[in-house]
Amino acid sequence: NVGDTAARAVGLFAVTVVESLAAMLVAARVYRDNEHLPSVTALVLFPVVARTFGLLAAWFGVMVVRTDDTEVPMNALSRGMYVTTVLYAVAAVGCAKWLLGPHWPALGGAAVLGSAASLLCLYVVQYYSEQRFRPVRTLAEAARGGPTLTALRGMLTAVEGSFLLVAVVALTALAAFMLGASSGLKGGGTLGVAITVTGMLGAAPYVLAMDSLGSIADAAGGIIEMTVANERPDVLARARLLDAVGTTAKCYA
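This one's a predicted model, so the numbers in the text were calculated from it and none came from an experiment. (Residues numbered from 1 in each chain as written. Predicted model: local features only at pLDDT ≥ 70, side-chain atom pairs only at ≥ 80, totals over all residues. Heavy atoms only, no water.)

(A) Seen up close, helix α2 (residues 40-63). In this model, α2 (24 residues) spans 36 Å end to end at C-alpha, consistent with the 34 Å of a helix rising 1.5 Å per residue. A bend of about 45 degrees at F46 is the largest found in α2, and the proline P47 appears one to four places after it. Of the positions making up α2, those classed as buried are A42, L43, V44, F46, P47, A50, R51, G54, A57, A58 and G61. At the N-terminal boundary of α2, the capping side chain belongs to S39, with an oxygen 3.3 Å from the backbone nitrogen of T41. (Helix = DSSP H or I, 4+ residues; strand = E, 2+ residues; numbered from the N terminus. Expected span 1.5 Å × (residues − 1). Bend = angle between axes of the 7 residues up to and from the residue. Buried < 20%, exposed > 50% of the residue type's maximum accessible area, 1.4 Å probe, protein only. Polar contact = N/O pair within 3.5 Å; in protein donor to acceptor, adjacent residues only side chain to side chain.)

(B) Looking closely at the pattern of salt bridges. Here the structure, examined in full by the defined rule, presents 8 salt bridges. For E71, the salt bridge identified is with R79, shortest N-O distance 2.9 Å. Residue E71 is classed as partly exposed on the basis of its relative accessible area, which comes to 23%. Note on R79: relative accessible area 29%, which makes it partly exposed. Two residues, R132 and E130, come together in a salt bridge whose shortest N-O distance is 2.8 Å. By relative accessible area, R132 is classed as partly exposed at 33%. For E130, a relative accessible area of 4% translates into the label buried. (Salt bridge = Lys/Arg side-chain N within 4 Å of Asp/Glu carboxyl O.)

See below:
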């Protein structure tokens, strides 16, 4: 798990740091280009303050992940993601109202837009990587025809899913620019895009927890197969189900 979970944590941490720093630099430039803004400190610190509330939201998101044998485990993980995203969006709007003065509706809306885009990406990833849906089932059927059909069908599924994700990001960026520009600030469009990115990564702590589940379930499944798989097929079945759910979670991360 060190190479998988810890390395992913480092990578995600680097992304959030770079994104937060970029948003702060853009905010500083917007303050310099707009003389009527009241405080450069409030504008520059908004991405960091919102990020802090994202960490707090992830704590509550993890707490609601509860399930039993009657529910698909991925639904429980998705429920935690919903709670985390909604709490972050509410907190981000509150921070915008507190720190950004009269421009808070547009810039706070950009943070909410980023949160909504992250949920939409979750839907796309879940559809293309979870065993309940058409793409994975079609790939499994193609595997019956040999490795060539498996590779071709896998590449087609990957391109299709990646195209949808790129489309979501592109449309979100365009909407974020227009929303930021509606604030009336010079450079507001660029600032809106930067804040939207902070919104997309607002649930990053919870996403990292989802990714860690995949690594743990994968290792546990291997241990079970080498130990009690023959005596306890029910335990092996649960391990394989959690492993499949963990794969979907890692795809989203």
